[in-house]
Amino acid sequence: MKNRVLPILALLLVLTVALSAFLPSDTFAQAFSKTNNTYNGKTPKYVFLFIGDGTSFPQIAAAEMYLGAQKKTTAPQTKALDFTNFPATGVAATFDSDSFIPDSASTGTSIASGIKTGNGIINMDPQKQTSVEPITRKLKDKGYKIGVVSSVSIDHATPAVFYANEASRNNYYEIGLQLANSNFDYFGGGGFKDPEGKNTKMPNPQNILDVAKKNGFTVASTKDEILQLNNNSGKVIAINPELDADKAMPYEIDRKDGELKLSDYVRKGIEVLDNKNGFFMMVESGKIDWANHANDAAASIHDTIEFNNAVMEAYKVYEKYPNDTLIIVTGDHECGGLTIGFAGTEYETFFNKLEKQTLSYIGFDKIINDYKKSTKPENYKFEDLLPQIKTAFGLTASADGTSGLVLTASEYSRLQEAFKRSMEAKADRNYTDHEKIIYGTYEPLTVTLTHILNNKAGLSFTTYSHTGLPVPVYAVGLGHELFNGSYDNTDIYKKMAAITKADQK
Ligand SMILES: [Zn+2]
């Protein structure tokens, strides 16, 4: 028996080895997934990292198609966001150590520090035992000045991974305190969620801004103070004068003329940070994510367009110093499951319908709240809100000869149902399983209005949370070629570190 088995085994072994040369396998995939993270070229003096939160291919494509539709041509046309024309384009995987569907803390940690970690963790390993150093601290030690900008609160997960280590992204006081105790140079955009430490377990919390001032920061919080900041201002915290309840800057679609916007904070940051040793600036557009959570396509598109404007402020530095600059633009994960295409519009899209939307979902929530406050419950009537619905979303109950988008009978009854729920106190809304899906945690009337308008435009969302899509990466400047190809989000750190020699003593 033994004599017969051995030759058969030997034959099987030969066959396996021979076949493996032709069949796709893990080793086959590995052989081609070796992305290049080595760099021997000149180190850039000016490094910009732009992160669109919740921003992936669908958010970028939607903005480009929306802009293209404004050309009013019959054939489909897009207008490219400028950064998508950068010479390097890559694709980065976004899963974290817990899930294919990550959050901004885990993905931000991967980009800032190069490790995979779990949901909600800021620059620590998945067991929350060991801290990791973000690239910003390494570059600060090398003499770069460091800037961190966000359109949402400056203690939110994405900005936090560039200056803090914390077991939970929700420890806003602890995160803000690390900002105040950092030796970084420029913080701009949103404010602090818990400056007085109302939710901290730390004994005798001191006000974060007092700590920052004691540590030499200048705090600017009016438009004049912010515009007067310059190269001699020293360490700066610039807090936007207009902040919402979450301490974030307004949505672009809601921002009033003359109010500061994300690109203003990039331009000011360049001025404040400029010095002979160079600087690293991380800029987050945080509300693209929030708009997609709320399934508000128009708000997402307007913030994505302003994100491009912010990138172009950095591009002016590249144009001036092409041999000293690197600009990287990416997202941390997708949000909303947005896509171009809806069952009701089949192979058509009507992006120009989104032009009818004049305020964000938050703006319309306020209209609903004001109506509830000013009206007795027995007088609540959906028809009362039709004029505001037309102004905000261009949707009308009937073809009244104006340019409104006429609601179908089924859309109208969906709005009436949603209105009833919106008029109830939140605690009394005992949703059916179906309602949990159609309303999420959002104001029922508002989210039904954005869904109807999105769908009329040919767009649709699958979720109120993040998704597992990969994200694009664009780069221009010194070392940009490393960002071509397909890789993991931890490779974004590795490439930045290689190009800036951040890990070399
Ligand atoms: Zn999010």
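Residues numbered from 1 in each chain as written. Predicted model: local features only at pLDDT ≥ 70, side-chain atom pairs only at ≥ 80, totals over all residues. Heavy atoms only, no water.

J.: Got a minute to help me understand the overall build of the protein chain in this structure?
T.: Tallying secondary structure elements over the protein chain gives 18 helices and 16 strands in all. Computed over the C-alpha atoms, the radius of gyration of the protein chain is 25 Å, within 12% of the 23 Å expected from 2.2 N^0.38 for a compact globule of 505 residues. Projected onto its principal axes, the C-alpha coordinates of the protein chain cover approximately 85 × 75 × 50 Å. Each of the 505 residues in the protein chain was classed as buried or not, and the buried ones make up 54%. Contacts in the protein chain between residues at least 24 apart in sequence constitute 73% of all its contacts with a sequence separation of at least 6. (Helix = DSSP H or I, 4+ residues; strand = E, 2+ residues; numbered from the N terminus. Rg over C-alpha atoms; globule rule 2.2 N^0.38 Å. Buried < 20%, exposed > 50% of the residue type's maximum accessible area, 1.4 Å probe, protein only. Contact = heavy atoms within 4.5 Å.)

J.: Explanation requested: the coordination of the zinc ion in the structure shown.
T.: Octahedral metal centres with six donors ideally show angles of 90 or 180 degrees, and tetrahedral centres with four donors ideally show 109.5 degrees. Every protein donor of the zinc ion is accounted for by D289 (OD), D289 (OD), H293 (NE2) and H466 (NE2), and the metal-donor separations fall at 2.0 to 2.6 Å. Relative to the metal, the four donor atoms surrounding the zinc ion lie at angles of 55 to 145 degrees, and the coordination shape comes out irregular. In terms of primary sequence, the donors binding the zinc ion are separated according to D-x3-H-x172-H. Placement of both D289 and H293 in helix 11 (residues 287–293) is noted, with a separation of four residues, approximately one turn of the helix. For the pair D289 and H293, a shared accessibility class is recorded, and that class is buried. (Donors = N, O, S within 2.8 Å, 3.2 Å for Na, K, Ca; no water. Tetrahedral: all angles 85-135°; square planar, octahedral: opposite > 155°, others 65-115°.)

J.: Just checking my understanding: could you explain the UniProt feature "binding site: Zn(2+)" (unreviewed entry) in the protein chain for this structure?
T.: As recorded in UniProt, the sites labelled "binding site: Zn(2+)" (unreviewed entry) are D53, D289, H293, D332, H333 and H466. What stands out for the annotated residues spanning 414 residues is how close their C-alpha atoms remain, the widest pair being 14.3 Å apart. With near-sequence residues (within four places) excluded, D289 lies in contact with D53, G54, H333, C335 and H466. Beyond its immediate stretch of four places on either side in the chain, H293 contacts C335, Y442, Y464, S465 and H466. (UniProt positions renumbered as here; feature names shortened; annotations may be inferred.)

J.: Would you take a moment to explain the pairing of strand 8 (residues 325–331) for this structure?
T.: On a regular strand, one side chain projects to one face of the sheet and the next to the other, so that they alternate. Across the seven residues of strand 8, seven count as buried, placing the element largely inside the fold. The side-chain alternation of strand 8 yields two buried faces, one formed by T325, I327, V329 and G331 and the other by L326, I328 and T330. Summarising the sheet, strand 1 (residues 46–52) and strand 8 pair through seven bridges and their orientation is parallel. Opposite G52, over in strand 8, you have G331 as the bridge partner. (Pairing = 2+ DSSP bridges.)

J.: Sorry, what's going on with the layout of surface pockets here?
T.: Taken as a whole, the largest pocket spans an internal volume of roughly 760 Å³. Considering the residues around the largest pocket, the lining is formed by 28 residues, among which D244, D246, Y361, I362 and D365 are closest to the centre. Among the secondary structure elements, those contributing two or more residues to the lining of the largest pocket are helix 11 and helix 13 (361–374). For the lining of the largest pocket, the element with the highest residue contribution is helix 13, accounting for six residues. Of the residues contributing to the lining of the largest pocket, the split by class is 12 nonpolar, four polar and 12 charged. (1 Å grid on protein atoms, 1.4 Å probe; cavity = no way out; pocket = protein on both sides within 12 Å on 5 of 7 lines; lining within 4 Å. Points joined across faces, edges and corners; volume = space filled by probe spheres on them. Nonpolar A, V, L, I, M, F, W, Y, C, P; charged D, E, K, R; others polar.)

J.: What is the right way to look at a nonpolar patch on the surface in this model?
T.: Side chains of F95, F100 and I101 sit close together on the surface and give an oily, nonpolar patch of about 330 Å² of accessible area. Of note, F100 is situated in the loop between strand 2 (88–93) and helix 4 (104–113). A residue is classified by how much of its surface remains accessible, and F100, at 68% relative accessible area, is exposed. (Patch = residues over 30% accessible without salt bridge, like charges linked within 9 Å, V, L, I, M, F, W, Y side chains within 5 Å. Areas by Shrake-Rupley, 256 points an atom, 1.4 Å probe, with all protein chains shown as cover. Salt bridge = Lys/Arg side-chain N within 4 Å of Asp/Glu carboxyl O.)

J.: Could you clarify how one ought to interpret empty space enclosed by the protein in this entry?
T.: To locate leftover empty space, one rolls a probe as large as a water molecule over the atoms. By the definition in use, this model includes one cavity of 30 Å³ or more. Here the largest cavity is characterised by a volume of approximately 80 Å³. Around the largest cavity, the lining residues are S151, M249, P250, E252, L262, S285, D303, E306 and F307. Here the element with the most residues in the lining of the largest cavity is helix 12 (residues 297–320); it accounts for three residues.

J.: Even after reading the chapter, I still don't get the domain arrangement of the protein chain, so can you show me in this structure?
T.: A common way to report how large an interface is uses the accessible area buried once the components associate. What the domain assignment reports for the protein chain is domain 1 (46–338 + 465–500) and domain 2 (341–460). Placing the centre of domain 1 and that of domain 2 at their C-alpha centroids yields a distance of 32 Å. Here domain 1 packs against domain 2, burying approximately 1,500 Å² in sum over the two surfaces, 58% of which is carbon and sulfur. A salt bridge links E355 to K72; the nearest nitrogen and oxygen atoms lie 3.6 Å apart. (Domains from an automatic or database assignment. Buried area = accessible area lost by both parts, 1.4 Å probe.)

J.: Can you walk me through helix 10 (residues 262–273) in this structure?
T.: An α-helical turn contains 3.6 residues, so a residue and the one three or four places further along point in the same direction. Its 12 residues give helix 10 an end-to-end C-alpha distance of 16 Å, which sits within 8% of 16 Å, the value for a rise of 1.5 Å per residue. Burial within helix 10 is extensive, with 10 of its 12 residues counted as buried. Along helix 10, the residues that are buried comprise L262, S263, D264, Y265, V266, K268, G269, I270, V272 and L273. (Expected span 1.5 Å × (residues − 1).)

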